[in-house]
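The residues making up each chain are set out below.
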Amino acid sequence: MAMVLSQIKPSSSAFSQDPSSSTSSSSSSSFNYRPAGLGNNSGDYDKLQITLKEYGIASVVVAKVSRLDWLRNAAGLLDPNYWRGTLRPRPVLDWYLKRVNDAVQEAKELSQSATTLSLIGHSAGGWLARLYMQEFGLSHISLLLTLGTPHLPPPKGSPGVVDQTRGLLNYVEKNCSKAVYTRDLKYVCIAGRYIQGARLFGNASDAKVDGGVAMDSAGTTAAAAAAELVVPASPPPSTTSSLRSRFIGQGYKQVCGRAEVWGDGVVPEESAHLEGALNISLDGVYHSPVGSDDELRPWYGSPAVVEQWIHHLLN
């Protein structure tokens, strides 16, 4: 999903979902797209849109995408490259890229004084934002912030692993610009550590649901507010929790080739980071707004979690 933010007010503290800004009065653009199956719509991000405005973002534009729109991707089934696992993003994803570009143009119109925009990509929206930047240019983008995005294609040759994107992530990795963290352009990649997966067969008693202190890529404490995100410790592993961890582990395996890793319940932590970017991991953070709970199962857009990453959009 895409969200465009413009005109950060110099008053209250601000954060944005796809923001940007080198100054407190710059405008930002945010794209939020969630792919736990590439099926979210614009309405799933209404609460996050409100939260952004509460931080002083005067204008927030959400790319217009409905759940039925995702059926357009079925056109890829007619492409022989889909079955070979070498699918290219265009023309299959042209419709989505146009929605993102429409949102960008609207953000520009709402904040005509802005010289750069910021993008936020949730889940698949993160690598789709990278694709947008490659196809439409980088000159107007100063920040890409991704939330729970599966950036990396699954390793080739892993038993039982099938590339769910049918080659699209391989294309992005080979053809899109590498992540950087510079004065003019910043990539910030945030991963969630909500639950550890487990192998389908074997002892799953080590699997855990996490909560606690958020750590950045250097291993330092990310924010004192992390204490507010502590998820109640799980009881001793039961048959139910083991089955859950095994099930989630199989999902992780399809993304990164391994089941016994930490992740947000959908995307493994290691897949949500990019070489060259500022990589951050937040404990106790769930993948999706759908099925989340701001207190018991916070996702990347829950107010207490946003508080931990908003400064990357404002500074």
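Summary of the structure given here.

Calculation criteria
Numbering of residues begins from 1 in every chain and follows the order in which that chain's sequence is written. With pLDDT at 70 or above as the cut-off, local features in this predicted model cover only qualifying residues; side-chain atom pairs require 80 or more to be listed or tallied, and sums for whole chains, interfaces and linings still use all residues. With hydrogens and water stripped out, all remaining heavy atoms of the structure feed into the side-chain values. In this text, helices come from DSSP runs of H or I with a minimum length of four residues, and strands from runs of E with a minimum of two, each type numbered from the N-terminal end. In this scheme, a residue with accessible area under 20% of its type's maximum is buried, one over 50% is exposed, and one in between is partly exposed, where area comes from a 1.4 Å probe on protein chains only. We call two residues contacting when some pair of their heavy atoms lies within 4.5 Å. Note that accessible areas follow from Shrake-Rupley with a 1.4 Å probe, and for residues the cover is restricted to the protein chains shown. To obtain each axis, a line is fitted to C-alpha atoms, and for helices this fit is confined to the stretch in contact; angles are then taken between N-to-C directions over 0 to 180 degrees. For classification purposes, angles smaller than 35 degrees are called roughly parallel, those larger than 145 roughly antiparallel, those between 65 and 115 roughly perpendicular, and all remaining angles oblique. Using a grid of 1 Å spacing that covers the protein atoms alone, one calls a set of points a cavity when a 1.4 Å probe fits there but cannot get out, and a pocket when the set is open and has protein on both sides within 12 Å along at least five of seven lines; lining residues are those with an atom within 4 Å of a point. Grid points are joined across faces, edges and corners, and a volume is the space filled by probe spheres set on the points. Residue polarity is assigned by list, with Asp, Glu, Lys and Arg as charged and Ala, Val, Leu, Ile, Met, Phe, Trp, Tyr, Cys and Pro as nonpolar; anything else, Gly included, falls into the polar class. It is the rotation of the near helix from the far one that decides the hand of a crossing: anticlockwise by less than a right angle makes it left-handed, clockwise makes it right-handed. What is meant by a nonpolar core is a set of buried Ala, Val, Leu, Ile, Met, Phe, Trp, Tyr and Cys residues, joined one to another through side-chain atoms within 4.5 Å. By definition here, a salt bridge exists when the distance from a side-chain nitrogen of Lys or Arg to a carboxyl oxygen of Asp or Glu is within 4 Å. Each pair of strands is called paired provided DSSP finds at least two bridges between the two strands. Note on handedness: a crossover is taken as right-handed if, strands pointing away from the viewer, the path from the first strand over the helix to the second is clockwise.

## A word on the overall build of the protein
Here is step 1: Secondary structure summary: the protein contains eight helices and nine strands in total.
Here is step 2: In the protein, which comprises 315 residues, the proportion classed as buried is 56%.
Here is step 3: Pairs at least 24 residues apart make up 73% of the contacts formed inside the protein by residues separated by at least 6 positions.
Here is step 4: Carbon and sulfur atoms provide 54% of the accessible area of the protein, an area that totals close to 13,700 Å².

## A short note on the packing of helix 3 (residues 94-110) against helix 4 (residues 124-136)
Here is step 1: The contact between helix 3 and helix 4 brings their axes to 10 Å, and the two run at 75 degrees. It follows from the interaxial angle that helix 3 and helix 4 lie roughly perpendicular. Contact with helix 3, carried on its side by Tyr96, Leu97, Val100, Asn101 and Val104, involves Gly125, Leu128, Leu131, Tyr132, Glu135 and Phe136 of helix 4 and no other residues of that element.

## A look at the side chain of Thr149
Here is step 1: Considering the arrangement of structural elements, one finds Thr149 in the loop between strand 4 (141-147) and helix 5 (168-175).
Here is step 2: For Thr149, a relative accessible area of 0% translates into the label buried.
Here is step 3: Not counting residues up to four positions away in its chain, the partners in contact with Thr149 are Gly121, His122, Ser123, Gly126, Trp127, Val267, Ser271 and Ala272.

## Here's the deal with empty space enclosed by the protein
Here is step 1: Inspection of the entire model under this criterion finds one cavity of 30 Å³ or more.
Here is step 2: In this structure, the largest cavity occupies an estimated 30 Å³ of space.
Here is step 3: Considering the residues around the largest cavity, the lining is formed by Arg130, Met133, Gln134, Leu138, Cys176, Ser177 and Tyr187.
Here is step 4: When residues of the lining of the largest cavity are assigned to their parent elements, the largest contribution, three residues, is made by helix 4.
Here is step 5: For the lining of the largest cavity, the per-class residue count stands at four nonpolar, two polar and one charged.

## Quick look at the packing of helix 4 against helix 5
Here is step 1: It is at 10 Å that the axes of helix 4 and helix 5 come closest, and there the two elements cross at 50 degrees. For the element pair helix 4 / helix 5, the angle class is oblique. Between helix 4 and helix 5 lies a crossing whose hand is left-handed. Along its contact with helix 4, which presents Trp127, Arg130, Leu131, Gln134 and Glu135, the element helix 5 presents Leu168, Leu169, Tyr171, Val172 and Asn175.
Here is step 2: Residues of the contact of helix 4 with helix 5, tallied by class, amount to six nonpolar, two polar and two charged.

## Points about the nonpolar core
Here is step 1: By size, the foremost hydrophobic cluster in this structure holds 32 residues, and its most contacted members are Leu119, Trp127, Leu128, Leu131, Tyr132, Met133 and Tyr187.
Here is step 2: For this core, the elements supplying multiple residues, two or more each, are helix 3, strand 3 (117-122), helix 4, strand 4, helix 5 and strand 5 (186-193).
Here is step 3: With seven residues, helix 4 is the single largest residue contributor to this core.
Here is step 4: Leave out the neighbours within four places in its chain, and Tyr132 touches Leu97, Val100, Asn101, Val104, Leu119, Gly137 and His140.
Here is step 5: The next biggest cluster of nonpolar side chains, apart from the first, holds 22 residues, and it includes Ile120, Ile190, Leu282 and Val285.

## Regarding the pattern of salt bridges
Here is step 1: All chains considered together, the criterion is met by nine salt bridges.
Here is step 2: Between Asp184 and Arg183 there is a salt bridge, and its shortest N-O distance comes to 3.6 Å.
Here is step 3: One continuous salt-bridge network, built from bridges that share partners, spans Arg90, Asp94 and Glu135.

## What to know about the pairing of strand 4
Here is step 1: When you tally the buried positions in strand 4, you get seven out of seven residues, the bulk of the element.
Here is step 2: With six bridges connecting them, strand 3 and strand 4 associate as parallel partners. Note that in strand 4 the partner of Leu117 across the bridge is Ile141.
Here is step 3: Note that the unit made of strand 3, helix 4 and strand 4 has a crossover that is right-handed.
Here is step 4: Two strands pair when backbone bridges link them, and strand 4 and strand 5 are joined in this way by five bridges, in the parallel orientation. In the sheet register, Leu143 faces strand 5, and the bridge partner there is Lys186.
Here is step 5: The handedness of the strand 4 to strand 5 crossover, carried by helix 5, is right-handed.

Honestly, it's all geometry; don't read function into it.
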